Number of protein chains: 2
Amino acid sequence: MDILDILKRNNLSVTDSRKKILEMFHHADGALAHADIEKNSSENFDRVTIYRTLQTFETKGIIHTIPTADNSILYALCKEECSQGHHRDNHIHFICDSCNTTYCLDHVPYSSIHLPEGFTENRTDIIVSGICHKCH
Amino acid sequence: MDILDILKRNNLSVTDSRKKILEMFHHADGALAHADIEKNSSENFDRVTIYRTLQTFETKGIIHTIPTADNSILYALCKEECSQGHHRDNHIHFICDSCNTTYCLDHVPYSSIHLPEGFTENRTDIIVSGICHKCH
DNA sequence: TAATTTTTGCAACATAATTGCATTTATTAT
DNA sequence: ATAATAAATGCAATTATGTTGCAAAAATTA
């Protein structure tokens, strides 16, 4: 996985902040919130830059959002299948109540949901919280 | 379903705002956001009162939160099984992309999720978004 | 290397959420 | 029913979060 490659593949100009933020995602065990990026970074980017970078990455299909119950959006790297406009991050997200790490459980299967008459699905998010393997 | 009963059962003193907000949930088709309550109410409660009331209701297990992808917490009435501390709102939530109504799909089944070794579940949220029966 | 395009950072603004404290309201005990 | 106590409310102040316009800086293209 090459940072530069990702940017170029998506026709994004290669800038310092984009490289650094992508790296943070790459090194992160799980998902990151805006606040994580803002605090963590030794070099500090402007808040606005972070917002805009995350948004760019999301529309390009480089990262995807994970809704959480505590009103903070999390972002995580997408796997290959995502593309502009429509995400295909069909996996379960697990948030550890103890260490707060968010995992993308790519290999955990789940059966498709059968909605009532008249309802059509566009996106499905499955978020499980509990205790992760490290915190037991 | 008796508003007063719910409050008394939970050792909450019976106040105007609590009664009114509970009633709003009762009449609402689906879930409500803080903003809905703030705007909707003919009598206007202080923002702070609404925050505090929602929080109280949630810790008591009267309402539960629904995570959404756009960073706005929704709240909906719990069914009987919820209790202080631990919610048992095991149902799928559906958010309409068009009219924004949120439905608790109590009767839509889903198979339980088998987590990897070392992970234990505490809470599971399944949020489906798309178009609801009214908006087709 | 110059011209052009894009991104960044700052300032200003808008909204959302939290905290402390005095006042008001509800509950309990008399 | 009323006084004493406890709890909830509303206001003000503060902090956090998110957005927009625009000039300066950096990246890309010619």
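Whatever comes next refers back to the structure up there.
The model shown is predicted, which means the values in this text are computed figures rather than measured ones.

Our focus in this paragraph is the relation of the copies chain A and chain B. Note on the identical chains: chain A maps onto chain B by a rotation of 177° and an axial translation of 0.1 Å, with an RMSD of 0.5 Å. Given the turn and translation reported, the copies of this chain are related as if by a two-fold rotation axis. Scanning chain A for the C-alpha nearest the rotation axis identifies Ile126(A), at a separation of 2.2 Å. The overlap is high: 100% of the interface residues of chain A also sit at the interface in chain B, so the same surface is used on both sides.

This part is about the side chain of His91(A). Residues and elements named next belong to chain A. Considering the arrangement of structural elements, one finds His-91 in the loop between strand E3 (74–77) and strand E4 (92–96). A polar atom in the side chain of His-91 sits 3.5 Å from the side chain of His-64. Reaching out from His-91, the side chain makes a polar contact with the side chain of His-93 at a distance of 3.0 Å. Residues contacting His-91, with those up to four places away along its chain left out, are His-64, Cys-104, Leu-105 and Asp-106.

For DNA strand C, the set of nearby residues contains 16 residues, the closest of which are Ser17(A), Thr49(A), Arg52(A), Val14(B) and Tyr51(B). Of everything in DNA strand C that lies within 4 Å of the protein, sugar and phosphate atoms constitute 68%. Side-chain polar atom of Arg18(A) to a phosphate oxygen of DNA strand C: 2.8 Å apart, as the coordinates give it. One of the side-chain N or O atoms of Thr49(A) is found 2.7 Å from a phosphate oxygen in DNA strand C. Broken down by secondary-structure element, the contributors of at least two residues to the surface near DNA strand C are helix H2 (16–27) and helix H4 (47–60) of chain A together with helix H4 (47–60) of chain B. Class assignment for the residues of the surface near DNA strand C results in four nonpolar, seven polar and five charged.

On to the protein's contact with DNA strand D. Val14(A), Ser17(B), Thr49(B), Arg52(B) and Asn71(B) are the nearest of the 16 residues found near DNA strand D. Of all DNA strand D atoms lying within 4 Å of any protein atom, the proportion belonging to sugar or phosphate reaches 68%. Arg47(A) is positioned with one of its side-chain polar atoms (N or O) 3.1 Å from a base nitrogen of DNA strand D. One nitrogen or oxygen atom from the side chain of Arg18(B) is found 2.8 Å from a phosphate oxygen belonging to DNA strand D. Among the secondary structure elements, those contributing two or more residues to the surface near DNA strand D are H4 of chain A together with helix H2 (16–27) and H4 of chain B. Top contributing element to the surface near DNA strand D by residue count: H4(A), with four residues. Across the surface near DNA strand D, the residue classes break down as four nonpolar, seven polar and five charged.

About the criteria used
Residues numbered from 1 in each chain as written. Chains lettered and ligands numbered in written order. Predicted model: local features only at pLDDT ≥ 70, side-chain atom pairs only at ≥ 80, totals over all residues. Heavy atoms only, no water. Least-squares fit on C-alpha atoms with pLDDT ≥ 70 in both. Contact = heavy atoms within 4.5 Å. Helix = DSSP H or I, 4+ residues; strand = E, 2+ residues; numbered from the N terminus. Polar contact = N/O pair within 3.5 Å; in protein donor to acceptor, adjacent residues only side chain to side chain. Near = heavy atom within 4 Å. Nonpolar A, V, L, I, M, F, W, Y, C, P; charged D, E, K, R; others polar.

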